[in-house]
Amino acid sequence: MFARGLKRKSTEDAEDGDGGVAGVPAAPSYTLQRQSLLDMSLVKLQLCHMLVEPNLCRSVLIANTVRQIQEEMTQDGTWRVVAPQAAGRAPLDRLVSTEILCRSGREQEGEGDGPLPDPAPGQAPRRPQSSPWGLDGSREGRGGFQKSLDHIFETLENKTPGSVEELFSDVDSSYYDLDAVLTGMVGGAPSGPGLPAFAPAAAAPPSSTCRSDLGELEHAVEILVET
Amino acid sequence: MSTRPISYLAKIFLLTLTSSKHQQSDIISTVEFNHTGELLATGDKGGRVVIFQREQESKNQVHRRGEYNVYSTFQSHEPEFDYLKSLEIEEKINKIRWLPQQNAAYFLLSTNDKTVKLWKVSERDKRPEGYNLKDEEGRLRDPATITTLRVPVLRPMDLMVEATPRRVFANAHTYHINSISVNSDYETYMSADDLRINLWNFEITNQSFNIVDIKPANMEELTEVITAAEFHPHHCNTFVYSSSKGTIRLCDMRASALCDRHTKFFEEPEDPSNRSFFSEIISSISDVKFSHSGRYIMTRDYLTVKVWDLNMENRPIETYQVHDYLRSKLCSLYENDCIFDKFECVWNGSDSVIMTGSYNNFFRMFDRNTKRDVTLEASRENSKPRAILKPRKVCVGGKRRKDEISVDSLDFSKKILHTAWHPSENIIAVAATNNLYIFQDKVN
């Protein structure tokens, strides 16, 4: 999957740091697969908005799942998953407009460069111009959700409808692994001693930015359920 | 009421609903016996209602006792277009509920996502003949030719069953109606959508009372929806509704006009060892049904059926695993949306057996007294008329025996969401996509 390369790097860092992440070999893939689940959920939310009239129960359940993943990722401080494609370009210095969540890919492309609402004061610091991914844990932690959302929509908007399937086609076979990992998982992913390099950063993220992340998501949910 | 073990199902009447319309429109979306079991109504995705009637017993044809034949077919709902939202309103019948019979005619409520209709189904087997002022074709006679007075006489005609819409209850639901329930006072009924429940009087169509409203002021805060609702079978002031978070609330309408505060709150504490990202989704209750006695409620979530005692709110008294082998497949089922399938559940007439559907055209029955359970299949290939249904088994891993099916071979497109149980006899109706199966107790 596209983020695989980076995933391994972070795992190696962690392991170098203190010799293993909770002793579970599957732990790094848990994070990766959790991200897959997040991606899948966000796509589902988009898709259900495009349907004739979205099933509200389904939308709410998916949105709650997304929130749950995001909360857990916030607690872990593990905003690690970034696409190699994005690494080569300037990070998107903007907020994901809540409307983008609800638009089709074509529209996203057209309005991608449009002006967006001013970021809330608390969020301004997390938009470094050229943040080296993976080094600055704290800023990374706060902006990670934004970036992964951005990445998802970039991926979706830059690809033809057919290739969206491709995006997920090679993930299909891994879903059975996803099954095994995710359905057995207790909420607490490896954290703490497993990621000592980022522990201070993980402790640092003020609730305000997490709240703003959550606020973004809730905003998105609001748009979806207002239908 | 027979108390024999539940592996007896034999006579099978396979009725396939077909029409000249597109095949998609014939997927059965609801099944319901009336209060005597004489009639069985089905609703489909195309907005049609088909009612079956049980044949009367006949001394000459004992072996044909109790066969169900088509009694009436009518188009209940048509597709509509909501111009304000630019959305189509599906004609699919979500629920049918019968009213108890009070005269020669039958009455039922049928609903799609937005509109509830009261239908009267009545028989006509006589017609008046010999009008004084009209001729046999109904044209007025020339008064000059009328020289005698005669009174029309009722003469027998071929039985005709006609369905007429008597009430249309519209424009009361912003969200999709998932449940209707007739109150035991037989004067009111409720309709529930994702966020609100309305109380109607059968005689009044232009207004309803809103009795539950869980819509948050700020829709951003929406995390829970109503999934099903039902009136208590005997206490006309009591009803329950279930939620997408796996909770059930019992409300008393005497307490206040808007039942936002529940009288009882049923929720089982979460099992921490089973926690996953899908925990909430699989805990979402897809159906809630009072027992006939009114003492218990049964709820269906994705993997289990639970029986609750109304007097104990903190946990169910019984939990039955419907298809626990799916627990390790939840992510795949989330991906293909099967995890959002809404299965229904039913009690038998004596509340001793409960039944619910599963995948691969399997359905499950649980005997609450003996704690035995059985898996049966509704499929043409495996059911010849009057054959005995063979119990099925899903193999969970390890060595698969000859007759077993492995989990990976299950067909998830063949789902049994809707079933019904005759109010007093061991006759069940099972909807498998666009086929209706009726299974009956073995006579001899």
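Residues numbered from 1 in each chain as written. Chains lettered and ligands numbered in written order. Predicted model: local features only at pLDDT ≥ 70, side-chain atom pairs only at ≥ 80, totals over all residues. Heavy atoms only, no water.

The name recorded for chain B in an unreviewed UniProt entry is Serine/threonine-protein phosphatase 2A 55 kDa regulatory subunit B, from Lynx pardinus. Quoted verbatim from the Sequence similarities (unreviewed entry) field of the UniProt record, the comment on chain B reads "Belongs to the phosphatase 2A regulatory subunit B family." (UniProt positions renumbered as here; feature names shortened; annotations may be inferred.)

An unreviewed UniProt entry lists chain A under the name Cell division cycle-associated, with Lynx pardinus given as the organism.

Engineer: What should I look at first to understand the overall build of chain A in this one?
Structural biologist: For chain A, the count of helices and strands is 10 helices and zero strands. When each of the 227 residues of chain A is scored for burial, the buried share is 55%. Taking the intrachain contacts of chain A between residues at least 6 apart in sequence as the baseline, contacts between residues at least 24 apart amount to 80%. For chain A, the accessible area works out to roughly 10000 Å², and carbon and sulfur atoms hold 56% of it. (Helix = DSSP H or I, 4+ residues; strand = E, 2+ residues; numbered from the N terminus. Buried < 20%, exposed > 50% of the residue type's maximum accessible area, 1.4 Å probe, protein only. Contact = heavy atoms within 4.5 Å. Areas by Shrake-Rupley, 256 points an atom, 1.4 Å probe, with all protein chains shown as cover.)

Engineer: Would you explain the overall build of chain B in this entry?
Structural biologist: In terms of regular secondary structure, chain B is built from two helices and 32 strands. For chain B, whose C-alpha radius of gyration is 24 Å, the value lies close to the compact-globule estimate of 22 Å for 444 residues. When the backbone C-alpha atoms are referred to their principal axes, chain B occupies close to 90 × 60 × 40 Å. Among the 444 residues that make up chain B, the fraction classed as buried is 54%. Considering only contacts within chain B whose residues lie at least 6 apart along the sequence, 55% involve residues at least 24 apart. (Rg over C-alpha atoms; globule rule 2.2 N^0.38 Å.)

Engineer: Teacher, can you tell me more about the environment of Thr 238 of chain B here?
Structural biologist: Residue and element names in this part refer to chain B. The residue Thr 238 is located in strand β17 (residues 238-243) in this model. Spatially, the C-alpha atom of Thr 238 lies 9.4 Å from that of Thr 263, the residues being 25 residues apart in sequence. Ignoring any residue separated from it by four or fewer positions in sequence, one finds Thr 238 in contact with Phe 231, His 232, Leu 250 and Cys 251. Side chain to side chain, Thr 238 and Asn 237 meet in a polar contact 3.1 Å long. (Polar contact = N/O pair within 3.5 Å; in protein donor to acceptor, adjacent residues only side chain to side chain.)

Engineer: Help me understand the packing of aromatic side chains, please; the structure alone is not making it clear to me.
Structural biologist: Both the distance between ring centres and the angle between the ring planes are used here to describe each pair of aromatic rings. Residue and element names in this part refer to chain B. Per the stated rule, a full pass over the model turns up 20 aromatic pairs over all chains. Between Tyr 320 and Phe 366, the aromatic rings sit 5.0 Å apart at their centres with planes inclined by 35°, giving tilted as the arrangement. Within this pair, whereas Tyr 320 is found in strand β23 (residues 318-321), its partner Phe 366 is found in strand β26 (residues 362-367), the two being separated by 46 residues in sequence. The class for Phe 366 is buried, based on a relative accessible area of 3%. Taking the centre distance of 5.8 Å and the plane angle of 15° together, the rings of Tyr 437 and Phe 439 count as stacked. (Phe/Tyr/Trp six-rings, centres within 6.5 Å; stacked < 30°, edge-to-face > 60°.)

Engineer: Could you clarify how one ought to interpret the pattern of salt bridges in this entry?
Structural biologist: If the charged atoms of two oppositely charged side chains come close together, the side chains can form a pair. The tally for this structure, following the rule as stated, stands at 33 salt bridges over all chains. Across the pair Arg 249 of chain B and Glu 224 of chain B runs a salt bridge, and its minimum N-O distance is 3.6 Å. Pair noted here: Arg 249 of chain B is in strand β18 (residues 248-252) and Glu 224 of chain B is in the loop between β15 (209-213) and β16 (226-231), with a separation of 25 residues, a long-range link. Given a relative accessible area of 17%, Glu 224 of chain B falls into the buried group. Across the pair Asp 341 of chain B and Lys 415 of chain B runs a salt bridge, and its minimum N-O distance is 2.9 Å. Of this pair, Asp 341 of chain B sits in the loop between α2 (330-335) and β24 (345-347) while Lys 415 of chain B is found in the loop between β29 (405-406) and β30 (418-421), placing the two residues 74 residues apart along the sequence. Among the charged side chains, a salt-bridge network with shared partners connects Arg 34, Glu 72 and Asp 76 of chain A. (Salt bridge = Lys/Arg side-chain N within 4 Å of Asp/Glu carboxyl O.)

Engineer: Would you mind showing me how to read the sheet that holds strand β20 (residues 287-290) of chain B here?
Structural biologist: Within a sheet, neighbouring strands are paired by backbone hydrogen bonds and run either parallel or antiparallel to one another. Residues and elements named next belong to chain B. Ordered by their spatial adjacency, four strands build an open sheet running β20-β21-β22-β23, and the pairing between neighbours is antiparallel. Single-partner strands in this sheet number two, and they are β20 and β23. For this sheet, the mean inter-axis angle between neighbouring strands, taken without regard to orientation, is 15°. Here four bridges tie strand β22 (residues 304-309) to β23, and the two strands are oriented antiparallel to one another. Its bridge partner being in β23, Thr 304 is matched across the sheet by Gln 321. (Pairing = 2+ DSSP bridges. Axes fitted to C-alpha atoms, helices over the stretch in contact; angles between N-to-C directions.)

Engineer: Explain helix α3 (residues 56-76) of chain A here, please?
Structural biologist: Structural remark: α-helix, 3.6 residues per turn; residues separated by three or four positions point the same way. All names here are of chain A. End to end, α3 covers 30 Å across 21 residues, agreeing with the expected 30 Å (1.5 Å per residue, within 8%). Of all 21 residues that make up α3, 19 are buried, and the element is covered over most of its length. Capping the start of α3 is the job of one residue whose side-chain oxygen sits 3.1 Å from the backbone nitrogen of Cys 57: Asn 55. Positioned one or two residues after α3, Gly 77 has a phi angle of 70°, which is positive. (Expected span 1.5 Å × (residues − 1).)

Engineer: How do you make sense of the environment of Val 225 of chain B when you look at a structure like this?
Structural biologist: The residue Val 225 of chain B is located in the loop between β15 and β16 in this model. Setting aside residues up to four positions removed in sequence, Val 225 of chain B forms contacts with Leu 56, Cys 57 and Val 60 of chain A together with Asp 194, Leu 195, Ile 214, Ser 242, Ser 243 and Ser 244 of chain B.

Engineer: I tried to follow the sheet that holds strand β11 (residues 153-169) of chain B on my own but got confused; where do I start?
Structural biologist: Residues and elements named next belong to chain B. Pairing in this open sheet of four strands is antiparallel, and the strands run β8-β9-β10-β11 from one edge to the other. Each edge of the sheet is formed by a strand with only one pairing partner; in this case those strands are β8 (95-98) and β11. Neighbour-to-neighbour, the strand axes of the sheet open up by a mean angle of 25°, direction not taken into account. In the sheet, strand β9 (residues 106-111) pairs with strand β10 (residues 116-129) via six bridges, with the strands oriented antiparallel. Of the residues in β10, the one forming a bridge with Ser 110 is Lys 117.

Engineer: Sorry if this is basic, but what is going on with the layout of surface pockets here?
Structural biologist: Where empty space is left can be seen by rolling a probe of water-molecule size over the atoms. All names here are of chain B. The computed volume of the second largest pocket comes to approximately 820 Å³. Along the walls of the second largest pocket sit 31 residues, with Glu 32, His 35, Arg 97, Glu 230 and His 292 positioned nearest its centre. At the level of secondary structure, the elements contributing two or more residues to the lining of the second largest pocket comprise β2 (28-33), β8, β12 (177-182), β16, β20, β24 and β30. The dominant element in the lining of the second largest pocket, judged by the number of residues it contributes, is β2, at four residues. Broken down by class, the residue content of the lining of the second largest pocket amounts to 14 nonpolar, 11 polar and six charged. (1 Å grid on protein atoms, 1.4 Å probe; cavity = no way out; pocket = protein on both sides within 12 Å on 5 of 7 lines; lining within 4 Å. Points joined across faces, edges and corners; volume = space filled by probe spheres on them. Nonpolar A, V, L, I, M, F, W, Y, C, P; charged D, E, K, R; others polar.)

Engineer: Is there a simple way to explain the nonpolar core in this structure?
Structural biologist: Note that soluble globular proteins tend to have their nonpolar side chains buried in a common cluster. Leu 37 of chain A together with Tyr 302, Leu 326, Leu 333, Tyr 334, Ile 339 and Leu 410 of chain B are the most contacted members of the largest nonpolar core, which has 44 residues in total. Taken together, the elements giving at least two residues each to this core come down to α2 (27-50) and α3 of chain A together with α1 (279-283) and α2 of chain B. Looking at this core element by element, the count peaks at nine residues for α3 of chain A. Those residues in contact with Ile 339 of chain B that sit more than four places away from it in its chain are Phe 278, Ile 281, Ile 282, Tyr 302, Leu 330, Leu 333 and Tyr 334 of chain B. If you look at the next biggest cluster of nonpolar residues, it comprises 16 residues, including Phe 363, Val 374, Leu 389 and Ala 432 of chain B. (Core = buried A, V, L, I, M, F, W, Y, C linked by side-chain atoms within 4.5 Å.)

Engineer: Could you clarify how one ought to interpret unusual backbone geometry in this entry?
Structural biologist: For residues other than glycine, phi is negative in most cases, and the peptide bonds are mostly trans. Residues and elements named next belong to chain B. Despite not being glycine, Asn 171 shows a phi value in the positive range, around 60°. On the secondary structure map, Asn 171 appears in the loop between β11 and β12. Residue Lys 371 is not a glycine yet carries a positive backbone phi of 65°. Relative to the helices and strands, Lys 371 is located in the loop between β26 and β27 (373-377).

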